[in-house]
Amino acid sequence: QVELVESGGGRVQAGGSLRLSCAASGRTFSSLPMGWFRQAPGKEREFVAYINWSGSSTRYRDSVKGRFTISRDNAKNTLYLQMNSLKPEDTAVYYCAAEIAAGVYDHWGQGTQVTVSS
């Protein structure tokens, strides 16, 4: 069983940066791939970034490539999302989740709000 808690969101101007954290509890964290997702007002939840168990493999949606970096520190049971050059379209509630099967994510956190002003 895994419990995830997101933090680090806030309000920034376009071009600014934020670093999101996802603190995990549960002894299975270090063996699970993890992902970041986001949901903007009036839109469906969308995939943002993926990282495998060791951190050696990552994937991003096209719109954030070169701006966002996903990483993890298994010793600290923490997942991160460094967001640079933020744009208003990045405004959303950001969630972390664990991939428990191929393409299946579970153990969603409560989310952290990111607001980017123009």
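Scroll up for the structure.
Calculation notes
Residues numbered from 1 in each chain as written. Predicted model: local features only at pLDDT ≥ 70, side-chain atom pairs only at ≥ 80, totals over all residues. Heavy atoms only, no water. Helix = DSSP H or I, 4+ residues; strand = E, 2+ residues; numbered from the N terminus. Buried < 20%, exposed > 50% of the residue type's maximum accessible area, 1.4 Å probe, protein only. Contact = heavy atoms within 4.5 Å. Pairing = 2+ DSSP bridges. Disulfide = S-S within 2.5 Å. Salt bridge = Lys/Arg side-chain N within 4 Å of Asp/Glu carboxyl O.

Draft legend 1. Structural detail: the side chain of Thr-78. Within the secondary structure, Thr-78 is located in strand S8 (residues 78-83). Classification of Thr-78 as buried rests on a relative accessible area of 11%. Beyond its immediate sequence surroundings of up to four residues, Thr-78 is in contact with Ser-21, Cys-22, Phe-29, Arg-72 and Asp-73.

Draft legend 2. Structural detail: the environment of Pro-41. Tracing the backbone through its elements, the reader meets Pro-41 in the loop between strand S4 (34-39) and strand S5 (46-51). Separated by 16 residues in sequence, Pro-41 and Ser-57 have C-alpha atoms that sit 30 Å apart.

Draft legend 3. Up close: the pairing of S8. In terms of burial, S8 is a largely internal element, five of the six residues being buried. Bridge count for strand S3 (residues 18-25) against S8 is six bridges, and the pairing is antiparallel. By the bridge assignment, Ser-21 is partnered in S8 with Tyr-80. In this sheet, S8 lies alongside strand S7 (residues 68-73) in antiparallel orientation, the contact comprising six bridges. Pairing of Phe-68 across the sheet is with Met-83, part of S8.

Draft legend 4. Local environment of the state of the cysteines. Scanning the entire structure with this criterion turns up one disulfide. Residue pairing for Cys-22: its cysteine sulfur links by disulfide to Cys-96, the two sulfurs lying 2.0 Å apart. With the S-S bond torsion at 70 degrees, the cross-link from Cys-22 to Cys-96 turns out right-handed. Taken together, the residues span a long stretch of sequence, with Cys-22 in strand S3 and Cys-96 in strand S9 (residues 92-101) at a distance of 74 residues. The burial state of Cys-22 is the same as that of Cys-96; both residues are buried.

Draft legend 5. Structural context of the pattern of salt bridges. A full pass over the atoms with the stated rule returns five salt bridges. One salt bridge connects Glu-46 with Arg-61, and the closest N-O pair in it is separated by 3.6 Å. Of this pair, Glu-46 sits in strand S5 while Arg-61 is found in the loop between strand S6 (58-60) and S7, placing the two residues 15 residues apart along the sequence. A salt bridge links Asp-90 to Arg-67; the nearest nitrogen and oxygen atoms lie 2.8 Å apart. Within this pair, whereas Asp-90 is found in the loop between S8 and S9, its partner Arg-67 is found in the loop between S6 and S7, the two being separated by 23 residues in sequence. As far as burial versus exposure is concerned, Asp-90 and Arg-67 are alike and both buried.

None of this, on its own, says anything about what the molecule does.
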